[in-house]
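# A structural walkthrough
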Amino acid sequence: MAFIFSTILELVALIAGEKIGLKSIPGGPYALMFSALYQYHRIIPVTYRFRIFGLVMTDKLFLYVLASQLAFSRSLQTLVPALCGWLVGALYRTDVGNIKQWRFPKFMQSVANQFIKPLFTSSPNPRSSATLPVQRPIITSLSSVNNILANGLANGNDTTTNTNRPDIRTSLTSERSSSVREYLDTITGRDVVGSELEPPSPEYTRVLMTMFPDHPRETITRALSSAHNELNRAVEIMLSTPSPAGESSSRSS
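As annotated in an unreviewed UniProt entry, the protein carries the name CUE domain-containing protein and comes from Rhizopus delemar.

Dropping the structure here:
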């Protein structure tokens, strides 16, 4: 609509302005740009205001300054199409004759979809074949471990006394730093080269230390890292791991 009506207004302006020296209008989308500028003026809200020498300005001032420079770039020759575009934008805004609902005919839409649309569209980007990280489940409760304890499952250390049980309260402050140190050793290759071990959970570490008091903390944290912080799997690993106390007693016997 802006293209059709602005062309008509420019022809009328050329005929009427012949007496004042308007003989030509430069090519370019002046009318289309200023018709869109009118919609910007009416629809887009003001974001902020500021003062210059006591005058209240808005953030739209910068765009209006650029538009004014474009409108007066070639004096009257560019001012006329700019005014025609501004009038067309105001005409469209008034919605005279239900102009906002006008559309191209169906046959023009089908022709454009068949011949013009493929020139401006591109094929979708192919999906990446990169391997995504494995999503492992996270255990949020200790019910399964409580069931194991309730059923009386043990690793053969029932006869041991509690004298060798480490003091958990005194080791809470050093667990986090030691866990981070072991994790850094793992990812830098100083612990297990090429492994995918994860930093052990301090909560699960305390649980396993309570269940297996005869095993050192390094064995427990390694079992948790190998099980990817899955407590049930770590318990199975510890059940299959012989305790150092049992090995020493068998050697002595």
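Along helix 9 (residues 217-226), the positions that sit buried rather than exposed are R217, I220, T221, A223, L224 and S225. Directly after helix 9, the chain includes H228, whose backbone phi takes a positive value near 55 degrees.

Further remarks concern the pairing of strand 1 (residues 49-52). Strand direction decides the pairing type here: strand 1 and strand 2 (residues 55-58), joined by four bridges, are antiparallel. From the neighbouring strand, I52 faces strand 2, where its bridge partner is L55. In this structure, the hairpin formed by strand 1 and strand 2 is closed by a connection of two residues, where F53 is found at a positive phi of approximately 55 degrees.

To continue, consider the nonpolar core. Among the nonpolar cores identified, the biggest contains 14 residues, and L208, M211 and F212 are the most heavily contacted of them. Only helix 8 (202-211), helix 9 and helix 10 (231-239) provide two or more residues apiece to this core. Ranked by residue count, the leading element in this core is helix 8, at five residues. Counting five residues, the second-largest nonpolar core is a separate cluster that includes F34, L37, A67 and A71.

Glancing now at unusual backbone geometry. Although it is not a glycine, S75 adopts a positive phi angle of roughly 50 degrees. Mapped onto the fold, S75 is located in the loop between helix 3 (61-71) and helix 4 (76-94). Its relative accessible area of 47% is what places S75 among the partly exposed residues. For N98, which is not a glycine, the phi torsion comes out positive at approximately 55 degrees. Position of N98 among the secondary structure elements: in the loop between helix 4 and helix 5 (106-120).

About the thresholds
- Residues numbered from 1 in each chain as written.
- Predicted model: local features only at pLDDT ≥ 70, side-chain atom pairs only at ≥ 80, totals over all residues.
- Heavy atoms only, no water.
- Buried < 20%, exposed > 50% of the residue type's maximum accessible area, 1.4 Å probe, protein only.
- Helix = DSSP H or I, 4+ residues; strand = E, 2+ residues; numbered from the N terminus.
- Pairing = 2+ DSSP bridges.
- Core = buried A, V, L, I, M, F, W, Y, C linked by side-chain atoms within 4.5 Å.

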